Amino acid sequence: MTESKIYRKIHFAVMAIEASAKKSHTSGKTMHHRLKAQGLIHKRLLGHYDILHTQSLDWVADDTLETLKNWEKEEKKK
């Protein structure tokens, strides 16, 4: 993977984290912590970058928050 593609993926993840934080009225740091705890940054944002980056940032934030809620709910069941 080229350095340019790595930069684009990281930039996308940062934007998605910040947009999700804003939508949920929380800090970027808190959102990053929650997403990282679920493995969502690597498994979802970076892992599915090729599909997700074609969507609007608003859609990605909504999808990220819904996924986070579902993954956290599943973890509590364990």
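Everything here concerns the structure above.
Parameters at a glance
- Residues numbered from 1 in each chain as written.
- Predicted model: local features only at pLDDT ≥ 70, side-chain atom pairs only at ≥ 80, totals over all residues.
- Heavy atoms only, no water.
- Core = buried A, V, L, I, M, F, W, Y, C linked by side-chain atoms within 4.5 Å.
- Buried < 20%, exposed > 50% of the residue type's maximum accessible area, 1.4 Å probe, protein only.
- Helix = DSSP H or I, 4+ residues; strand = E, 2+ residues; numbered from the N terminus.
- Contact = heavy atoms within 4.5 Å.
- Polar contact = N/O pair within 3.5 Å; in protein donor to acceptor, adjacent residues only side chain to side chain.
- Axes fitted to C-alpha atoms, helices over the stretch in contact; angles between N-to-C directions.
- Parallel < 35°, antiparallel > 145°, perpendicular 65-115°, else oblique.
- Left-handed = near helix turned anticlockwise from the far one by under 90°.
- Nonpolar A, V, L, I, M, F, W, Y, C, P; charged D, E, K, R; others polar.

Undergrad: Could you give me a rundown of the nonpolar core, with the residues and numbers involved?
TA: In terms of nonpolar packing, the biggest core is built from 15 residues, with Phe-12, Ile-17, Met-31, Leu-35 and Leu-45 touching the most fellow members. The element contributing the most residues to this core is helix H1 (residues 3-23), with 5 residues. Discounting residues that sit within four places of it in the chain, Met-31 has contacts with Ile-17, Ser-20, Ala-21, Ser-24, Thr-26, Leu-65 and Leu-68.

Undergrad: Describe the environment of Arg-44, listing the residues and the values that go with them.
TA: The topology assignment puts Arg-44 in helix H3 (residues 40-46). Placed 19 residues apart in sequence, Arg-44 and His-25 show a C-alpha to C-alpha distance of 21 Å. Excluding its chain neighbours within four sequence positions, the residues that come into contact with Arg-44 are Gly-39, Tyr-49, Leu-52, Asp-63 and Thr-67. Polar contacts involving the side chain of Arg-44 include one to the side chain of Asp-63, which spans 2.7 Å.

Undergrad: Give a detailed account of the packing of helix H2 (residues 28-38) against helix H5 (residues 57-77), specifying residues and quantitative values.
TA: Across the interface, H2 lies against H5 with an axial gap of 10 Å and an inter-helix angle of 55°. The angle between H2 and H5 falls in the class oblique. In terms of crossing hand, the pair formed by H2 and H5 is left-handed. The residues of H5 that touch H2, namely those facing Met-31, Arg-34, Leu-35 and Gln-38, are Thr-64, Leu-65, Leu-68, Trp-71, Glu-72 and Glu-75. Of the residues in the contact of H2 with H5, the class split is 5 nonpolar, 2 polar and 3 charged.

Don't take any of this as a statement about function, it's just geometry.
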